[in-house]
Amino acid sequence: MRDVAQRAGVSTKTVSRVFNDDPHVLPDTRALVEAAMRELNYVPNALATTFRAGRASVIGVAVPDVVDPFFAAIARAVEDTARRHGLSTLVTSLGEDPGDEKPVLESLLGRQLTGLVIAPVGTDHSWLERWRGHTPIVFVDRAPVGLVTDTFTENDEAGAHLATTHLLSHGHRRIAYLGDMVHLSTEVKRLEGWRRALRDAGIEADDELVASRISDRASAASALDRLSRLADAPTALFSANARSSMALAHVLRGQALPFVGFGDFPMADTLTPAVTVVDQDPRRIGALAAERIFARLQPDAGLGLDEVTVIDVSLVERESCAL
């Protein structure tokens, strides 16, 4: 970097700003530095950067399941944002067992990351407090428990209320709630949104219409079989997450049972019928989380100590409610 600075007649700090695409560098200065970089075939020394900064040039991403379309989209958005800043990403799955979360995260944090984005599955995150002084930590989708830190969540209750109200507007009064891990904060709020929409319509929520642990086709088929055997069976379904929705879409083939899913998923718009969904915009969540990490690395970013952002969701109306 010193050689590039000397060739361009600028400081090493200016070279660093150009390499990191700082928009405040004057165009003429940028051109001089970029020309010097090309002439000297300059590439940054990532190892040296790690030693100077005390952290690796890597953003960690920990999500429940990297195959899940929602979490995969978040991870990809973090990766795209990190790449623009000249960093790489390290992505890992936490699984569904809350007990596995701490050892996985400790292994990541032990690598002296630049920052960490977490979609949690655990029930206590207070132990992460000791890491926050060194590593920016951002939670996405689900709020931490026992820890106050930067968090980006979607408006789960409002989204579930919106979906249920949409089904009510089609004349349905027996609307089942189908979810997965209903103890998680996201599903707790979505379940409450379902209940509130029913209350607003003067309908008492029936717990027999609540089904949980729907994560694959077998569990979806079992839940639908139970619901169909009720004396007053549901006439429509609200699926509380994309994984449940994908399983239900397969099982419901050929059945005229309207449903709305919380979270878009691949090919939802090409199925017959195309599935109405509540769109969470996971790519936006991932990008915002990554940008917050880089903002935290700047002491003059003007951020509060801890900022919680709740992102609005929207209904994407397709064909699955008009059966």
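Residues numbered from 1 in each chain as written. Predicted model: local features only at pLDDT ≥ 70, side-chain atom pairs only at ≥ 80, totals over all residues. Heavy atoms only, no water.

Caption draft 1: Quick look at the sheet that holds strand β12 (residues 314-316). Strand order in this open sheet of 6 strands is β7-β6-β8-β9-β10-β12, and the pairing throughout is mixed. Across the chains shown, the open sheet's two edge strands, defined by having one partner strand only, are β7 (210-211) and β12. Sheet topology places strand β9 (residues 259-262) next to strand β10 (residues 276-279); 3 bridges connect them, and they run parallel. Along β10, the bridge assignment pairs Phe262 with Val278. With respect to the sheet, helix α9 (residues 185-200) is in contact with β6 (175-178), β7, β8 (236-239) and β9, its orientation differing from that of β6 by roughly 180 degrees. (Pairing = 2+ DSSP bridges. Helix = DSSP H or I, 4+ residues; strand = E, 2+ residues; numbered from the N terminus. Contact = heavy atoms within 4.5 Å. Axes fitted to C-alpha atoms, helices over the stretch in contact; angles between N-to-C directions.)

Caption draft 2: Quick peek at the packing of aromatic side chains. Per the counting criterion, the structure on display carries 3 aromatic pairs. Pairing Phe70 with Phe71 gives two aromatic rings, centres 5.1 Å apart and planes at 70 degrees, and the pair type is edge-to-face. Pair check on accessibility: Phe70 and Phe71 agree, each one buried. By the ring-pair criterion, three or more aromatic residues cluster together here, those being Tyr177, Trp194 and Phe238. Over the ring of Phe262 we find Arg190, and its NZ or CZ is 3.9 Å from the ring centre. (Phe/Tyr/Trp six-rings, centres within 6.5 Å; stacked < 30°, edge-to-face > 60°. Buried < 20%, exposed > 50% of the residue type's maximum accessible area, 1.4 Å probe, protein only. Lys NZ or Arg CZ within 6 Å of the ring centre and 35° of its normal.)

Caption draft 3: Structural context of the nonpolar core. Leu178, Trp194, Leu224, Leu237 and Phe238 are the most contacted members of the largest nonpolar core, which totals 41 residues. For this core, the secondary-structure elements that each account for two or more residues are α8 (156-169), β6, α9, α10 (217-228), β8, α11 (242-251), β9 and β10. When neighbours within four sequence positions are excluded, Leu237 is seen to be in contact with Leu167, Ile175, Ala176, Leu178, Leu224, Leu252, Leu257, Pro258, Phe259 and Val260. Counting 21 residues, the second-largest nonpolar core is a separate cluster that includes Phe70, Ile74, Leu87 and Val117. (Core = buried A, V, L, I, M, F, W, Y, C linked by side-chain atoms within 4.5 Å.)

Caption draft 4: Layout of α10. Compared with the 16 Å implied by 1.5 Å per residue over 12 residues, the 16 Å span of α10 between its first and last C-alpha is a close match. Looking at α10, one finds that the buried residues are Ser219, Ala220, Ala223, Leu224 and Leu227. All buried residues of α10 fall inside an arc of 130 degrees around its axis, so they share one side. With respect to the buried face of α10, the exposed residues turned more than 90 degrees away are Arg217, Ala218 and Ser228. Here the buried face of α10 lies against β6, β7, β8 and α11. Its side-chain oxygen 3.3 Å from the backbone nitrogen of Ala218, Asp216 forms the N-cap of α10. (Expected span 1.5 Å × (residues − 1). Arc of directions from axis to C-beta. Polar contact = N/O pair within 3.5 Å; in protein donor to acceptor, adjacent residues only side chain to side chain.)

Caption draft 5: View of the side chain of Asp156. Position of Asp156 among the secondary structure elements: in helix α8. Judged by its relative accessible area of 2%, Asp156 is buried. The contacts of Asp156, once residues within four sequence positions are left out, are Asp141, Thr186, Lys189, Arg190 and Phe262.

Caption draft 6: Focus on a nonpolar patch on the surface. Taken together, the side chains of Val66, Val67 and Val91 present a nonpolar region at the surface, about 240 Å² in accessible area. Looking at the element boundaries, Val66 is found in the loop between β1 (58-63) and α5 (69-84). Given a relative accessible area of 36%, Val66 falls into the partly exposed group. (Patch = residues over 30% accessible without salt bridge, like charges linked within 9 Å, V, L, I, M, F, W, Y side chains within 5 Å. Areas by Shrake-Rupley, 256 points an atom, 1.4 Å probe, with all protein chains shown as cover. Salt bridge = Lys/Arg side-chain N within 4 Å of Asp/Glu carboxyl O.)

Caption draft 7: Highlighting the packing of α5 against helix α12 (residues 282-296). Two numbers describe how α5 lies on α12: the axes approach to 7 Å, and their chain directions differ by 40 degrees. Considered as vectors, α5 and α12 are oriented oblique to each other. Crossing handedness for the pair α5 and α12: right-handed. Taken together, the residues of α12 that come into contact with α5 (itself represented by Phe70, Ala73, Ile74, Arg76, Ala77, Val78, Asp80, Thr81, Ala82 and Arg84) are Pro282, Arg283, Ile285, Gly286, Ala287, Ala290, Glu291 and Phe294. For the contact of α5 with α12, the class distribution of residues is 11 nonpolar, 2 polar and 5 charged. (Parallel < 35°, antiparallel > 145°, perpendicular 65-115°, else oblique. Left-handed = near helix turned anticlockwise from the far one by under 90°. Nonpolar A, V, L, I, M, F, W, Y, C, P; charged D, E, K, R; others polar.)

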